[in-house]
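# What the coordinates show
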Amino acid sequence: MSDFWTKSGRAVVFDDDDMVDIAGATLDFSSTDDVPPLSSDMAWSRAGANGTGPGSLMDPLEDPVPGLGTYEDFNTIDWVREKSKDRDRHREVRVRSRRSTAALLHSISDAFSGWLLMLLVGLMAGALAGGIDIAAHWLTDMKEGICLDGFWFSHEHCCWKSSETTFKDRDRCPQWQTWGELITGTSEGAFSYILNYLIYIVWALFFAFLAVTLVRAFAPYACGSGIPEIKTILSGFIIRGYLGKWTLITKTVTLVLAVSSGLSLGKEGPLVHVACCCANILCHLFTKYRKNEAKRREVLSAAAAVGVSVAFGAPIGGVLFSLEEVSYYFPLKTLWRSFFAALVAAFTLRSINPFGNSRLVLFYVEFHAPWHLVELVPFIFLGIFGGLWGALFIKANIAWCRIRKTTRLGRYPIVEVLAVTAVTALVAYPNSYTRMSGAELISELFNDCSLLDSSQLCGYLQVGQTGIGNSLADRPAGPGLFTALWQLALALLFKMLITVVTFGMKVPSGLFIPSMAVGAIAGRLLGVGMEQLAYYNHDGLIFKGWCTPEADCITPGLYAMVGAAACLGGVTRMTVSLVVIMFELTGGLEYIVPLMAAAMTSKWVADAFGREGIYEAHIRLNGYPFLEPKEEFEHSSLAVDVMRPRRSDPPLAVLTQDSMTVGGVEALVESTRYSGFPVVVSQESPRLVGFVLRRDLLISIDNARKRQDGVVGASLVVFSEHPPAQAPDGPPPLRLRGIMDLSPFTVTDHTPMDITVDIFRKLGLRQCLVTHNGRLLGIITKKDILKHMAQIANRDPDSILFN
């Protein structure tokens, strides 16, 4: 009985050819990549091919019709029915395995098909992620120069084999030349700088234009992060084409271009979408996953773990991310398979070695000084900053996205992307910390200064002191460090502002790296401040006893790492998975406690301003029917307050078990737009018998008219086990008991809504019938609950677009 609703509240039915607004873009579904829903004509032609012709009495229970049990686009799956179908299939395979050797082998292959699918997903996602990393690195460097030994070499690869590099200028070699140097013959002077500046902007605009044009032309679903939609799909919603092959190809190519353009975005979130596309495509190779939506979502949950695994080189963190942040249904079997798939993906990525450092992790850190208990205070301050930034970012970004959706700005995505890219490139180039890519910036900020480090962040004054091993004792800041700090402060302001308008544009855009960059900059600034405070006040009350003049007391890189975790936690509200990702990402296992303190503090502070993370906020902005498992329902309403029909509504549209004709059923279906109908004993005695889906009803009637002789509009539609007595000269009855759900979920009219909401969340229901003493009163759909919760929160209840 779930129906589709427009913003104005009118009930409509969406076809694949309808234009629907999702994530702020007007999308055309005239061609989809997933298996389309079977039409009745297709059902008839395939059934005819099986040799069942006219004249046979059709019972769907004994003679299943192709197309039954499938779902329309923008509909919610019935988890209970899907799980029941899988149990029946598994039971049938087990029974057959005892009859013959071939059936036994089929049973064994069926049992191992899930592990084989996970292996293929891990291999495919790992290979794609490695290719994306290498291509993005190369194109990012191309904006600044070219390798004379081969244009396909990145800056780092070009200078690897050069014997003319010095340690001080380890990034410079004769084989790599900037565009200004290549054209003018010199790297010095204003003309060469301006030339480099202009070419940098031109390349950035070219990459961004290609990215947004390809997305708009070939796969509108390839834009954005993809995680809000993945969460909605995993909760049971169907968006056909979102995980199809065209989306995968387009997102892979445009992700490289978007990252290379220098926009304030990352590739980590979109890699989750890419991995889920791989899983969805590979599911079509295995019958039990192709034909069962619930089983497919178990695979997609594992694929989300694979996406984070290949994005950060953090397989364990990826599994926890899928469990904590993305998945709606995560049984123990999915946990094991997620772990295996993440392992395979990480191994594949390590074999490709895209970073060229023989390590899986993106930012390897090697801090030499342990942290002290007193430092928990600045770490908590970083957590507070991360929580405030996260809350501010979510509110600002949602406000900007709402402006994009409701004004003329949303009609010109190409112009918006080019304008933001031009501003980003124009402002970013003069500052070396905004010019470099986000991953390179974070790596620089995490870096711990050593004896031979030539980074500007290590521009301390030499006072003749040395630390232990390769580390340095705390020293006074020099002119180079002061310059770097001013540049970092400007970079912090720029990143905070530009990320707000960048996230949500019509290009693939992740939020992990920009959020971590903001936190890492703030953490490095605080770390250097603490370091100088300790140097000049080592005999003070705070530092006395653990910070001696010749010791390495404060590690600024550690503060950058904690700040990155705090800001990412404030934006996404991740906790456990965030800490595990951070220590896997950096290799800093002994710094778990500071990371935990910062992540928990940032979540508490951000939750004080609003409990929604960025992904939940975008789900609500786009009107997806998603019941947030983390949200508490505290209102004291009852099921009778939420159910339909209301007091002023017309009576509930129902079917009777053995007193309606085919013509009457067709008239009822034609006059309503509900996606399902309760079946009762009779209009006079509305005791509940079962529930029938609209789609199954239409396919069965259409199929029966073509396959069964004598079925006319006056034929009786029978849902009971034993049809009533018929007149000898009357048309034969149409038995449809096989398509009816004999055990629909019901609640009484006095069931509290908090219990009803829990039932919907934990069982994944799409509708629940309301009864009183066995008599049917009404129905509650997922959309009804979402609209009721929106009314309680003083939001527009008609913002729930689809169900």
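Residues numbered from 1 in each chain as written. Predicted model: local features only at pLDDT ≥ 70, side-chain atom pairs only at ≥ 80, totals over all residues. Heavy atoms only, no water.

The name an unreviewed UniProt entry assigns to the protein is Chloride channel protein, from the organism Takifugu rubripes. Recorded under Sequence similarities (unreviewed entry), the UniProt text for the protein is reproduced unchanged: "Belongs to the chloride channel (TC 2.A.49) family." (UniProt positions renumbered as here; feature names shortened; annotations may be inferred.)

Summarising burial for strand S15 (residues 775-781): five of the seven residues are buried, a large majority. Pairing geometry for strand S14 (residues 767-772) and S15, over six bridges, is antiparallel. Opposite cysteine 768, over in S15, you have isoleucine 780 as the bridge partner. Two successive antiparallel strands, S14 and S15, enclose a turn made up of two residues, where asparagine 773 displays a positive phi of approximately 55°. (Buried < 20%, exposed > 50% of the residue type's maximum accessible area, 1.4 Å probe, protein only. Helix = DSSP H or I, 4+ residues; strand = E, 2+ residues; numbered from the N terminus. Pairing = 2+ DSSP bridges.)

What follows deals with the pattern of salt bridges. Here the structure, examined in full by the defined rule, presents 23 salt bridges. Aspartate 702 is paired through a salt bridge with lysine 706; the nearest N and O atoms lie 3.4 Å apart. Of this pair, aspartate 702 and lysine 706 both sit in helix H26 (residues 694-707), separated by four residues, roughly a single helical turn. Note on aspartate 702: relative accessible area 22%, which makes it partly exposed. (Salt bridge = Lys/Arg side-chain N within 4 Å of Asp/Glu carboxyl O.)

Attention now moves to the packing of helix H14 (residues 376-406) against helix H19 (residues 512-536). Where H14 meets H19, the axes come as close as 11 Å, and the angle between the chain directions of the two elements is 150°. Considering their axes alone, H14 and H19 lie roughly antiparallel with respect to each other. Remark: the crossing between H14 and H19 carries right-handed chirality. Listed contacts from H19 to Pro378, Leu382, Phe385 and Trp389 of H14 are Val518, Ala522, Gly523, Leu526 and Met530. A per-class count over the contact of H14 with H19 returns eight nonpolar, one polar and no charged. (Axes fitted to C-alpha atoms, helices over the stretch in contact; angles between N-to-C directions. Parallel < 35°, antiparallel > 145°, perpendicular 65-115°, else oblique. Left-handed = near helix turned anticlockwise from the far one by under 90°. Contact = heavy atoms within 4.5 Å. Nonpolar A, V, L, I, M, F, W, Y, C, P; charged D, E, K, R; others polar.)

For the rest of this paragraph, the subject is the UniProt feature "transmembrane region" (unreviewed entry) in the protein. Here the UniProt feature "transmembrane region" (unreviewed entry) sits at residues 115-139, 197-222, 299-323, 373-392, 412-429, 484-505 and 511-528. End C-alpha atoms of residues 484-505 are separated by 31 Å, and the span's content is 86% helix alongside 0% strand.

Hydrogen bonds between backbone atoms are what pair the strands of a sheet, whose relative direction is either parallel or antiparallel. In space, the three strands of this open sheet follow the order S7-S9-S10, with mixed pairing throughout. This sheet does not close on itself; its edge strands, each paired only once, are strand S7 (655-656) and strand S10 (688-693). The pairing of strand S9 (residues 676-680) with S10 spans five bridges and is classified as antiparallel. Across the sheet, valine 679 pairs through a bridge with glycine 690, a residue of S10. Each of S7, S9 and S10 touches H26; the most contacted strand, S10, lies at about 75° to it.

Let us look at the packing of H14 against helix H20 (residues 556-572). Geometry of a packed helix pair, given as the angle between the helix axes and the separation of the axes. Relative to each other, H14 and H20 sit at 35°, their axes nearing to 7 Å. As H14 packs across H20, the resulting crossing turns out to be right-handed. In this structure, H14 uses Pro378, Phe379, Leu382, Gly383, Phe385, Gly386, Gly387, Trp389, Gly390, Ala391, Phe393 and Ile394 to contact H20, whose residues at the interface are Leu558, Tyr559, Val562, Gly563, Ala566, Cys567, Gly570 and Val571. The residue inventory of the contact of H14 with H20, partitioned by class, reads 14 nonpolar, six polar and no charged.

A few words now on the sheet that holds S14. Here three strands make up an open sheet; going across it, the order is S13-S14-S15 and the pairing mixed. One side of each edge strand has no neighbouring strand; the edge strands of this open sheet are strand S13 (746-748) and S15. On average, each strand axis in the sheet is inclined to that of its neighbour by 35°, with strand direction left out of account.

The omega torsion of the bond from arginine 644 to proline 645 falls at 5°, within 30 degrees of zero and hence cis. Within the secondary structure layout, proline 645 lies in the loop between helix H24 (639-642) and S7. In this structure, asparagine 773 takes a positive phi of about 55° despite not being glycine. If you trace the backbone, asparagine 773 turns up in the loop between S14 and S15. What makes asparagine 773 exposed here is its relative accessible area of 72%.

What follows covers H26. Helix length check: H26 (14 residues) gives 20 Å between terminal C-alpha atoms against 20 Å at 1.5 Å per residue, within 8%. In terms of burial, H26 is largely enclosed, as 10 of its 14 residues are buried. What H26 keeps buried is the set Arg694, Arg695, Asp696, Leu697, Ile699, Ser700, Ile701, Asn703, Ala704 and Arg707. (Expected span 1.5 Å × (residues − 1).)

Phe446 and Met582 are the most contacted members of the largest nonpolar core, which has 144 residues in total. There are two domains that each give this core at least three residues, and those are domain 1 (122-160 + 171-352) and domain 2 (375-408 + 432-460 + 472-616). If we skip the residues at most four places from it in the chain, methionine 582 touches Phe446, Met516, Met561, Ala564, Ala565 and Leu595. Leu668, Ile701, Leu734 and Met740 belong to the second-largest nonpolar core, a separate cluster that totals 21 residues. (Core = buried A, V, L, I, M, F, W, Y, C linked by side-chain atoms within 4.5 Å. Domains from an automatic or database assignment.)

Below, the discussion takes up a nonpolar patch on the surface. A contiguous nonpolar surface patch, about 730 Å² in accessible area, is contributed by Leu104, Leu105, Ile108, Phe112, Trp115, Leu332 and Trp336. At the level of elements, helix H3 (101-142) and helix H13 (332-352) are the ones that each hand at least two residues to the nonpolar patch. For the nonpolar patch, the element with the highest residue contribution is H3, accounting for five residues. By relative accessible area, which is 54% here, leucine 105 ends up exposed. (Patch = residues over 30% accessible without salt bridge, like charges linked within 9 Å, V, L, I, M, F, W, Y side chains within 5 Å. Areas by Shrake-Rupley, 256 points an atom, 1.4 Å probe, with all protein chains shown as cover.)

Next up on the list: the environment of glycine 241. Relative to the helices and strands, glycine 241 is located in the loop between helix H7 (227-234) and helix H8 (245-260). Among the residues examined, glycine 241 registers a relative accessible area of 6% and is labelled buried.

Bringing the side chain of arginine 404 into the picture now. The residue arginine 404 is located in helix H14 in this model. Arginine 404 gets classed as buried once you look at its relative accessible area, which sits at 3%. Not counting chain neighbours up to four residues away, the residues in contact with arginine 404 comprise Leu409, Gly410, Glu416, Val501, Phe503, Gly504, Met505 and Lys506.

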